[in-house]
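Remarks on the overall topology
Spelled out, the chains give:
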Amino acid sequence: MATSSVLRRALLYVPASSQKFMTKSLSLASDNITYDLEDSVTPANKQTARTQLRDHLSSLSNKPASIGELAVRINAVSTPYALDDLTTLASAPNLDAIVIPKVNSASDLSFVTDVIRHAAPQRHSSDPTTSPLKLIALIESARAVMDLRSICAASPYLSGLIFAAEDFALDLSITRTPGLAEFLYARSAIVTAARAFDLPSSIDLVCTSYKGPEGVKQLEEECQNGKEMGFNGKQCIHPSQVEVTQRMFAPAAAEVEWYVRVLVADDKASAAGRGAWTLDGKMIDAPVVGKARAVVAKAAKCGMDIENIKAKW
Ligand code: 1VU
């Protein structure tokens, strides 16, 4: 099991055409804020949104401590907007990542990597003191799912994959159901590819219901389903989804307690020369201990007090 080095439990889209939403985003506690230049911005507003976003990022003296990562979703490489998006924003201060929609093949990522190399060479230099601009690819078509292997190998800056259910459903004439069974193959392929290529994150589909208790219930069920499939985060469209999503994608308290007990007991079992042993009637061996280490490391990253739990055992 991989221990993600970047925490991206919630990726919140913020339309860059709205100054109000962008200002609001700075007050939120989210692992990732992604300012959107794509689907939430009309063609007539693309230019204004782009410059407004650059000014917004430039106005920040620092990224707020409650935000893990600031990203921009550019327009698809096949559109006339992508080049301007990249040249305007690649060198913007405080920007950590570029989210690229409708990635269909490796050449889409090569294009973005090449433009960044020219427009903002300092962001992709070999200087170890500068943090590279990371790339996150949206997988939205049958073609992209079939080409995951070459997409994942296309850029050294690729840091995650996102599943975009709406466009994927359109591409395949899929009728969406609450259980999401129709997306099983694509979602599983994305999680597997991200792991195989050591990408830190695989981020699941958007839950478009966000209002009231019904919205929360559906979001919790989708998060649980995504987490069980191996995703480590989910796209959000409204601030109210962020807390729920980050809670659901963090290890649960009971799970962390169990795995802390496994690690404490493993120290004793190892000292006694035992590779397989039992705890509460369950067989524990190397893969379980490996999973325990990964879950406890993620819990620590999510702010849980592991030493306090350990002290109880
Ligand atoms: O309480 P305040 O007045 O201070 O703030 C409002 C509102 O401004 C703010 N807010 C947001 N702030 C930042 N980012 C957001 N995405 C955002 N949404 C709302 O939160 C407070 C409460 O807002 P609200 O409940 O009154 O919400 P609205 O009716 O204003 O907006 C609802 C929508 C859904 C339109 C809005 O949340 C939105 O535009 N979300 C993002 C949509 C988007 O980016 N779509 C493209 C990406 S998703 C995709 O491509 C796949 C489906």
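As a reminder, the structure under discussion sits directly above these lines.
Below or above, wherever it landed, is the structure these notes cover. Computed from a predicted model, the values in this text were never measured in an experiment.

So, about the pattern of salt bridges. It is possible for side chains of opposite charge to pair when their charged atoms get near one another. Taken as a whole and judged by the stated rule, the model has 28 salt bridges. Residue Asp204 pairs with Arg187 through a salt bridge whose shortest N-O separation is 2.7 Å. With Asp204 in strand E7 (residues 201-204) and Arg187 in helix H8 (residues 184-196), the pair connects residues that are 17 residues apart, well separated along the chain. Note on Asp204: relative accessible area 0%, which makes it buried. Relative accessible area serves as the criterion here: at 1%, Arg187 is assigned to the buried category. Residues joined by salt bridges that share partners form a network here, namely Asp36, Glu38, Asp39, Arg73, Lys102, Glu140 and Asp167.

Within the largest apolar cluster, 67 residues are counted, with the highest numbers of intra-cluster contacts made by Tyr35, Leu53, Ile98, Ile100 and Leu161. At 6 residues, the largest contribution of residues to this core is made by H8. Apart from residues lying up to four places away in sequence, Ile100 is in contact with Ile74, Val77, Leu109, Val112, Leu135, Ile136, Ala137 and Leu138. Formed by 19 residues, the second largest nonpolar core is a distinct cluster that contains Val256, Ile284, Val296 and Ile306.

Let us look at the pairing of E7. The alternating pattern of E7 places Ser201 and Ile203 on one face and Ser202 and Asp204 on the opposite face, and all of these are buried. Where strand E6 (residues 158-163) and E7 come together, 3 bridges link them in parallel fashion. For Leu161, the partnering residue across the bridge sits in E7 and is Ser202. In the sheet, E7 pairs with strand E8 (residues 233-236) via 2 bridges, with the strands oriented parallel. If you follow Ile203 over to E8, its bridge partner there is Gly233. Crossover connection from E7 via helix H9 (residues 212-229) to parallel E8: handedness right-handed.

Not every one of the 15 residues close to the ligand is listed here, only the nearest: Tyr13, Lys20, Phe21, Ile237 and His238. The backbone of Tyr13 places a nitrogen or oxygen atom 2.9 Å from a nitrogen atom of the ligand. In this structure, an oxygen atom belonging to the ligand sits 3.1 Å away from a side-chain N or O atom of Arg73. Compared with its free state, where it exposes 980 Å², the ligand has 64% of that area covered by protein. For the shell around the ligand, the elements supplying multiple residues, two or more each, are strand E1 (10-15) and helix H1 (19-25). In the shell around the ligand, the residues fall into 8 nonpolar, 2 polar and 5 charged.

Reading the values: the criteria
Residues numbered from 1 in each chain as written. Predicted model: local features only at pLDDT ≥ 70, side-chain atom pairs only at ≥ 80, totals over all residues. Heavy atoms only, no water. Salt bridge = Lys/Arg side-chain N within 4 Å of Asp/Glu carboxyl O. Helix = DSSP H or I, 4+ residues; strand = E, 2+ residues; numbered from the N terminus. Buried < 20%, exposed > 50% of the residue type's maximum accessible area, 1.4 Å probe, protein only. Core = buried A, V, L, I, M, F, W, Y, C linked by side-chain atoms within 4.5 Å. Contact = heavy atoms within 4.5 Å. Pairing = 2+ DSSP bridges. Right-handed = clockwise from strand over helix to strand, strands pointing away. Near = heavy atom within 4 Å. Polar contact = N/O pair within 3.5 Å; in protein donor to acceptor, adjacent residues only side chain to side chain. Areas by Shrake-Rupley, 256 points an atom, 1.4 Å probe, with all protein chains shown as cover. Nonpolar A, V, L, I, M, F, W, Y, C, P; charged D, E, K, R; others polar.

Keep in mind these values describe shape, not function.
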